[in-house]
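# Examination of the molecular architecture
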Amino acid sequence: MSSASPGIEPAGTPTITGTASGKKRVLLAKPRGYCAGVDRAVIAVEKALEVYGAPVYVRKEIVHNRHVVETLRERGAIFVDETSEVPEGALVVFSAHGVSPMVHAEAADRNLRTIDATCPLVTKVHKEVNRFAKDDYDILLIGHEGHEEVEGTAGEAPDKVQLVDKAEDVDKVEVRDPSKVIWLSQTTLSVDETMERVDQLRERFPSLADPPSDDICYATTNRQVAVKAMAAECDLVLVVGSTNSSNSKRLVEVALKAGARTSYLIDFAREIDETWLEGVTTVGVTSGASVPDVLVMEVLDWLSERGYGDVDEVTTANEKITFAPPKELRKV
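Residues numbered from 1 in each chain as written. Predicted model: local features only at pLDDT ≥ 70, side-chain atom pairs only at ≥ 80, totals over all residues. Heavy atoms only, no water.

The subject of this paragraph is the overall build of the protein chain. Across its full length, the protein chain carries 10 helices and 14 strands. Against the compact-globule benchmark of 20 Å for 332 residues, the protein chain has a radius of gyration of 21 Å, which places it among compact chains. Counting only C-alpha atoms and orienting by the principal axes, one finds that the protein chain spans roughly 65 × 55 × 35 Å. The buried share among the 332 residues of the protein chain stands at 52%. Accessible area for the protein chain stands at about 14600 Å²; split by element, carbon and sulfur atoms hold 48% of it. A distance of 3 Å separates the average location of the 38 positive side-chain charges in the protein chain from that of its 55 negative side-chain charges. (Helix = DSSP H or I, 4+ residues; strand = E, 2+ residues; numbered from the N terminus. Rg over C-alpha atoms; globule rule 2.2 N^0.38 Å. Buried < 20%, exposed > 50% of the residue type's maximum accessible area, 1.4 Å probe, protein only. Areas by Shrake-Rupley, 256 points an atom, 1.4 Å probe, with all protein chains shown as cover. Lys, Arg positive; Asp, Glu negative; His and termini not counted. Charge placed at Lys NZ, Arg CZ, Asp CG, Glu CD.)

Going from K30 to P31, the amide bond is cis rather than trans, its omega being 10 degrees. Looking at where P31 falls in the secondary structure, it is placed in the loop between β2 (25-30) and α1 (36-52). P55 follows A54 through a cis peptide bond whose omega is 0 degrees. Looking at where P55 falls in the secondary structure, it is placed in the loop between α1 and β3 (56-59). For N111, which is not glycine, the phi torsion reads 60 degrees and is therefore positive. Here N111 is to be found in the loop between α3 (101-109) and β6 (113-116). Positive phi, normally seen in glycine, also occurs at D136, with a value near 65 degrees. Within the secondary structure layout, D136 lies in the loop between α4 (120-134) and β7 (138-142).

Taking 1.5 Å per residue, 14 residues should reach 20 Å; helix α6 (residues 191-204) reaches 20 Å between its end C-alpha atoms and fits that length. Turning to α6, the residues buried within the fold contact β7, β8 (161-164), β9 (181-185) and α8 (246-257). Taking the backbone nitrogen of D192 as reference, a side-chain oxygen 3.3 Å away marks S190 as the first, capping residue of α6. (Expected span 1.5 Å × (residues − 1). Contact = heavy atoms within 4.5 Å. Polar contact = N/O pair within 3.5 Å; in protein donor to acceptor, adjacent residues only side chain to side chain.)

Here we come to the UniProt feature "binding site: [4Fe-4S] cluster" (unreviewed entry) in the protein chain. Here the UniProt-annotated "binding site: [4Fe-4S] cluster" (unreviewed entry) positions come out as C35, C119 and C217. A maximum C-alpha distance of 10.0 Å is found for the annotated residues, which run over 183 residues; spatially they form one tight group. Note on placement: C119 falls in the loop between β6 and α4. For C119, a relative accessible area of 11% translates into the label buried. In contact with C119, other than residues within four places in its own chain, are G37, R40, A96 and F323. Taking the relative accessible area as the measure of exposure, C217 reaches 9% and is therefore buried. Those residues within four positions of C217 in sequence are excluded, and the remaining contacts are L121 and T187. (UniProt positions renumbered as here; feature names shortened; annotations may be inferred.)

This next bit is on the UniProt feature "binding site: (2E)-4-hydroxy-3-methylbut-2-enyl diphosphate" (unreviewed entry) in the protein chain. UniProt records the feature "binding site: (2E)-4-hydroxy-3-methylbut-2-enyl diphosphate" (unreviewed entry) for H64, H97, H147, T187, S245, S246, N247 and S290 in the present numbering. You can see H64 is positioned in the loop between β3 and α2 (66-74). The contact partners of H64, leaving out residues within four places of it in the chain, are H97, H147, E148, S242, N244, S245 and S290. Side-chain polar atoms of H64 contact the backbone oxygen of N244, separated by 2.8 Å. Those residues in contact with S290 that lie beyond four places of it in its chain are Y34, V38, V63, H64, N65, V68 and S245.

In structure tokens, the structure reads:
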């Protein structure tokens, strides 16, 4: 999604001032952390606990972040892997990553009360699958096998969707009509990685159609752009995020490809290895779209205690997007 998208204000070309030789500093990426979809999903669980009381069941992790999940669990949320684990008639929240129609049907069969906290940008991709499946297209979904978002999206039309994860998957694709093939993508992928797969697919299927609008979400794109803007200046880039967070892992990859000497994914400041700082002058810091900023501030405090107290924010966009609460909670 471009910087001209609704709710995004371009920040112009970021200026990164040089630093005196040997002077320690931190470059702090902006945008970073919570996106609108994550904020909406976390608030949905908090609101459900406030209105209905504990326990509130949540299918899968509401968002992929250890701190968020542990905090909500302490407040009375019970996280389950499958709808069948929720007692009949109980309240269950579907995570920001979305679920398939089969999961909705299972919930109805068990008479569950549901709150659908699926990110609206994921819902958009679900609707695209339905639209193109109805028009009898073969749909090539670029995404990571086993990711909850991919499972929910593919579940909209399992007979029409083929997953393309790695480069070798491109050769395995079989379509009925090469003139009726479209690619869609998981919302949290690396833009560069996605377009690499698209180029490979287009070599096989020259008539491959593009999505009607960007599938990779604005927040994923913006966080990658911010990292690219500062990575070449960094000896080390620390990405705050959990190992099951696709967009957080992509930020590490983007940082390395954009010129950072080293980059690591951490959940908490306490996971930083002091040996990573050997010979390091400039540390870049960012966070995935499901990370509360308190965790980033703890990393900055940790670095400050070790001499990295000079912090410069590198701003590439100003995000103003918000999403309405799930419809089940709007009346309360």
